[in-house]
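# Analysis of the macromolecular model
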Amino acid sequence: AKVTVPRVWIVLVFLLATFLLTLERVIARWLFSRVRARGGLLRPVVVVGGNAEALEIAQMLEADRTLGYDVRGFVDIDLDLDERSSDDIVTDTLAVVRGSRSTGVIVAATAIDLGTSNLLIRELTEQGIHVELSSTLRDIASHRLTVRPLGRFPVVYVEPVQRHGWRAYAKRS
């Protein structure tokens, strides 16, 4: 009753499974891109911030629907001119989110001060709203960024550029 499986079969099954999994992911991404490009499966979002970063985020999302977002509104915050309190900004943001029937918010990090940002994110997530916070590291490849905890602070780790070693060879191949 002992079953023996040749090692060649194990290797073949592993290779086939890897190939099929990769193929499935490629097909799924392609299908999602096509559906999103036609306006389907988009997450309705509000952009918080009225500065250049917020406008650039909104323009990018509107120009490339395959990213999966539908910008439905803005909460304009000008750090120099804004006389509103943090509570007012939270109230305004919740009103715009509810009024636009959005399920998510994208906060332009450079448009809002730290205290208001923390309060806003806490309140939005308590209300079940998805929140994304932009990184001020625009010109760094996103695959080199990793968020991890440093004590009670979330920090963004930026992987150094590797010009030699195994990564350079892997990239070339």
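This structure is a prediction, so every number in the text was calculated from the model and none was measured.

## Regarding the sheet that holds strand β2 (residues 69-75)
The strand order across the open sheet built from four strands is β2-β1-β3-β4, with neighbouring strands paired in parallel fashion. The sheet is open, and its two borders are formed by β2 and β4 (130-133), each paired with just one other strand. Going from strand to strand, the sheet's axes swing by 25° on average, the running direction of each strand aside. Note that strand β3 (residues 104-107) and β4 share four bridges and pair parallel. The residue bridging Gly104 from the neighbouring strand is His130, located in β4. Running at roughly 155° to β2, helix α2 (residues 52-63) makes contact with β1 (43-48), β2 and β3 of the sheet. Its contacts with the sheet place helix α3 (residues 86-100) against β1, β2 and β3, and it is angled at close to 140° to β2.

## So, the pattern of salt bridges
Counted according to the given criterion, the structure contains three salt bridges. A salt bridge links Arg72 to Asp70, with the shortest nitrogen-to-oxygen separation between them at 3.1 Å. One salt-bridge network, held together by shared partners, links Arg65, Asp70 and Arg72.

## Some details on the side chain of Arg144
Its place among the elements puts Arg144 in the loop between β4 and β5 (145-150). One buried charge, Arg144, has no salt-bridge partner; the nearest side chain with opposite charge is Glu159, at 6.0 Å.

## Re a nonpolar patch on the surface
On the surface, a nonpolar cluster with roughly 740 Å² of combined accessible area is contributed by Val3, Val5, Val8, Trp9, Ile10, Leu12 and Val13. The topology assignment puts Leu12 in helix α1 (residues 7-37). Residue Leu12 is classed as partly exposed on the basis of its relative accessible area of 44%.

## Observations regarding a negative patch on the surface
Among the surface-exposed residues, Asp87, Asp88, Glu123 and Glu126 lie close enough to one another that they form a single negatively charged patch. Where the negative patch is concerned, the elements lending two or more residues are α3 and α4 (114-126). Here Glu126 lies in helix α4.

## Remarks on the nonpolar core
Residues Val48, Val105 and Leu120 are the most contacted members of the largest nonpolar core, which totals 14 residues. Elements that contribute at least two residues to this core include exactly β1, α3, β3 and α4. Among the elements that take part in this core, α3 stands out by supplying four residues, more than any other. In contact with Val48, other than residues within four places in its own chain, are Ala54, Val75, Ile77, Thr93, Val105, Ile106, Val107, Ala108, Ala111, Ile112 and Leu120. Counting eleven residues, the second largest nonpolar core, distinct from the first, contains Val45, Ala54, Ala58 and Ala111.

Scoring rules and cut-offs
Residues numbered from 1 in each chain as written. Predicted model: local features only at pLDDT ≥ 70, side-chain atom pairs only at ≥ 80, totals over all residues. Heavy atoms only, no water. Pairing = 2+ DSSP bridges. Helix = DSSP H or I, 4+ residues; strand = E, 2+ residues; numbered from the N terminus. Axes fitted to C-alpha atoms, helices over the stretch in contact; angles between N-to-C directions. Contact = heavy atoms within 4.5 Å. Salt bridge = Lys/Arg side-chain N within 4 Å of Asp/Glu carboxyl O. Buried < 20%, exposed > 50% of the residue type's maximum accessible area, 1.4 Å probe, protein only. Lys, Arg positive; Asp, Glu negative; His and termini not counted. Patch = residues over 30% accessible without salt bridge, like charges linked within 9 Å, V, L, I, M, F, W, Y side chains within 5 Å. Areas by Shrake-Rupley, 256 points an atom, 1.4 Å probe, with all protein chains shown as cover. Charge placed at Lys NZ, Arg CZ, Asp CG, Glu CD. Core = buried A, V, L, I, M, F, W, Y, C linked by side-chain atoms within 4.5 Å.

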